[in-house]
Each structure stands twice: as C-alpha cells, then as structure tokens.
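Below are the chains, spelled out letter by letter.
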Amino acid sequence: MKTYDLVFGIGGACCCTQALRNAGLQYVSFPWDWVSESDIRTRIDQIRNDFADWVRKESLVRVENADYKAGVIYRNERTRVVLPHDFPPRGDFETDHPRVAARYRRRYERLSRLIGKSGRVLVVWVDVPACPQATDDDRRYVLETLHAKWPNAVFDLLSFANAEGCPVDSRLETVSGSVRTVTFDYRDYKEAETWIADNRLLGRWLKREYRVPDYRTREEIRAWRRLAREKEYGRYGASNFIAYLVTKLQYKVYVHFMHCLKRKGVI
C-alpha cells in the first residue's frame, strides 16, 4: 500500500471524485471534481492561468433540453467543460454566477495550498465515454504541467482505462515512470448516462492500494460533519434529529410492508 500526502482527481467525470471519497482518499472538493466532458489536456491547462477561464461568464452557454431536478446545466464553450451541479433549477444566472465563480476560486486555492504543503501527490484520471480518452502523451503532459506549476512536489499519475469483459482480478497494468495505467471493466452498464463508472468498484480497488492522511483542519471537519448531517436529514424531509428518526422509521416500515406484499404476490 502506497501513502501519499495528497490525492486528487482531474476527471473525466464526477465518478472519479466519488471513487476517491469511497476509498477515503479525498476529503474536500477540488476544481475538477463535479464537472464532465472536456479532455484531460484542456482540464490540466487551467492551472496555467489559475482557472481564470473555468467559469468565465461570457463563455457559459445553457445546455438546452438537458436540465434535471438538481439544477440547470451550462457548458463552457471555450473549454468544452460541462457544469451539471452548480446552478440551481429555479435560479437566476446573473445572480448565481458570482457565487459559482467564487466556489471554484476557493477550490483552486485550496488545491494550490495543499499541494504546496505536500511532498508526494497522486493525481487520478478515469476514462469515461463522454470525454476523450487519455493517451500516453496526455498523461506525460499532465505531469509536466503540474511539475512546472509546483516544482517542489513529486507527482504520480494513476490512470484508469476501461476494457469491457475484463474483471478487476484480471486487470492489465502498465507502469511508465510516474504513470500507472490500470485497465479493467469498471463501467456501470445499469446506467444509461455515458459518464458513469462503477465508483464503488473503483473505490474498493483504490482503498486496497493507497492511503492518505486526513489533511483537513478542525473547522473543515466540523463543517463537513454538519453538511453531511443536513444532507442525511434532507433525504427524509427532516429538519432535526427527532424528526429524522421518525421519518426514517416510517420509511423502513413502508419498505418492509411493500416487500411483504411483493413476496405474497399482491403487487
């Protein structure tokens, strides 16, 4: 098992950061986490100008007929990156954009600060069909760009490639310098969306291979716990602990009742 001071993902979609979080390797959000599409070079090139183009207002265009319940989707016409999680469903672009831009600024500054304090850093990329697949030249370019920006840190790149019908225990691996490429079948074929990978499977594999210390401050840990609690309450429409317990119990009783009806062939 290898230990790094910091691990972060650069895409190609949300499944990358979800896998890292499932593995206990990432504790906070970074600028590449919750976006999709765009190629690996365009993504990594953003550090050259400190993410000035990432959510530039005049470059964002609403993706028509692609909104969903979590929000309105925008595409950056300059970088081709898609932002599916940042703009609320009934919000106003002029009002919401400064908040979104500030969020990505914080994420980049957090990343830069943590890299500056780290000795060994692991960068993770997951090939998904919605994004151009990474080549060997692309992977080397990522490391060269990162090292030019932060020369005091040592970077390794872990790149996942999918091979249909290849189970994880028969995976193919290549190591070239600081680049490790791991190939196996990690697509979640139960999902229709082309950016989905089985982040649970990836997370289990990552957890066996790597570890990283918790680099969060006490304030960040408290804020994360508070947010996680609020999200859990929100799943059951509850606002406090008592209401949460009651609604969760009601939900479990309902699920059990429906399961019994299905067993008896009533439904």
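One can find the structure itself at the top, above this paragraph.
Bear in mind that the values here come from a model prediction, so they are computed numbers and not experimental data. (Residues numbered from 1 in each chain as written. Predicted model: local features only at pLDDT ≥ 70, side-chain atom pairs only at ≥ 80, totals over all residues. Heavy atoms only, no water.)

Right, let's get into the overall build of the protein chain. What the protein chain contains, in helices and strands, is 7 helices and 10 strands. The C-alpha atoms of the protein chain give 20 Å as radius of gyration, which agrees with the globular expectation for 267 residues (18 Å, within 12%). Its C-alpha atoms give the protein chain principal-axis dimensions of about 60 × 50 × 40 Å. Classification of the 267 residues of the protein chain by burial places 46% in the buried group. In the protein chain, the proportion of contacts linking residues at least 24 apart, taken out of those at least 6 apart, comes to 58%. By element, 51% of the accessible surface of the protein chain is carried by carbon and sulfur atoms, the whole surface being about 14700 Å². Here the protein chain carries 47 positive and 36 negative side-chain charges, and the mean point of each set is 8 Å from the other. (Helix = DSSP H or I, 4+ residues; strand = E, 2+ residues; numbered from the N terminus. Rg over C-alpha atoms; globule rule 2.2 N^0.38 Å. Buried < 20%, exposed > 50% of the residue type's maximum accessible area, 1.4 Å probe, protein only. Contact = heavy atoms within 4.5 Å. Areas by Shrake-Rupley, 256 points an atom, 1.4 Å probe, with all protein chains shown as cover. Lys, Arg positive; Asp, Glu negative; His and termini not counted. Charge placed at Lys NZ, Arg CZ, Asp CG, Glu CD.)

What follows deals with the pattern of salt bridges. In this structure the tally under the stated criterion is 21 salt bridges. Across the pair Arg 216 and Asp 214 runs a salt bridge whose closest N-O atoms are separated by 2.7 Å. Overlapping salt bridges, with partners in common, bring together Asp 53, Arg 56, Glu 58 and Arg 78 in one network. (Salt bridge = Lys/Arg side-chain N within 4 Å of Asp/Glu carboxyl O.)

For the rest of this paragraph, the subject is the packing of aromatic side chains. Per the counting criterion, the structure on display carries 17 aromatic pairs. Taken together, a centroid distance of 5.1 Å and an interplanar angle of 45° make the contact between Phe 51 and Tyr 108 tilted. Of the two residues, Phe 51 is situated in the loop between helix 2 (40-45) and strand 3 (60-62) and Tyr 108 in helix 3 (residues 93-116); the sequence distance between them amounts to 57 residues. Neither Phe 51 nor Tyr 108 differs from the other in exposure class; each is buried. With 5.5 Å between their ring centres and 25° between their planes, Phe 87 and Phe 93 make a pair best called stacked. For Phe 93, a relative accessible area of 18% corresponds to the buried category. Members of the aromatic cluster, each reached through a chain of ring pairs, are Tyr 4, Phe 160, Phe 184, Tyr 186, Trp 205 and Tyr 210. Geometry around Tyr 141 places Arg 41 over its ring, the cationic atom sitting 4.4 Å from the centre. Against the face of Tyr 4 rests Arg 120, its NZ or CZ located 4.5 Å from the ring centre. (Phe/Tyr/Trp six-rings, centres within 6.5 Å; stacked < 30°, edge-to-face > 60°. Lys NZ or Arg CZ within 6 Å of the ring centre and 35° of its normal.)

Here helix 4 (residues 136-149) spans 20 Å end to end across 14 residues, near enough to the 20 Å set by a 1.5 Å rise per residue. Of all the positions in helix 4, only Asp 138, Arg 139, Tyr 141, Val 142, Leu 143, Thr 145 and Leu 146 are classed as buried. Where the residues of helix 4 are buried, they touch strand 2 (6-11), helix 2, strand 6 (120-126), strand 7 (154-162) and strand 9 (179-184). (Expected span 1.5 Å × (residues − 1).)

On to the pairing of strand 4 (residues 72-76), then. Counting buried positions along strand 4 gives 5 out of 5 residues, so the element sits mostly inside the fold. Burial of strand 4 is two-sided: the residues Val 72, Tyr 74 and Asn 76 facing one way and the residues Ile 73 and Arg 75 facing the other way are all buried. Sheet topology places strand 3 next to strand 4; 3 bridges connect them, and they run antiparallel. Its bridge partner lying in strand 4, Leu 60 is registered against Asn 76. In the sheet, strand 4 pairs with strand 5 (residues 82-87) via 3 bridges, with the strands oriented antiparallel. Bridge assignment links Val 72 to a residue of strand 5, and that residue is Phe 87. In textbook terms, the turn of a hairpin is the stretch between consecutive antiparallel strands, and for strand 4 and strand 5 this stretch comprises 5 residues, one of which, Arg 80, has a positive phi near 70°. (Pairing = 2+ DSSP bridges.)

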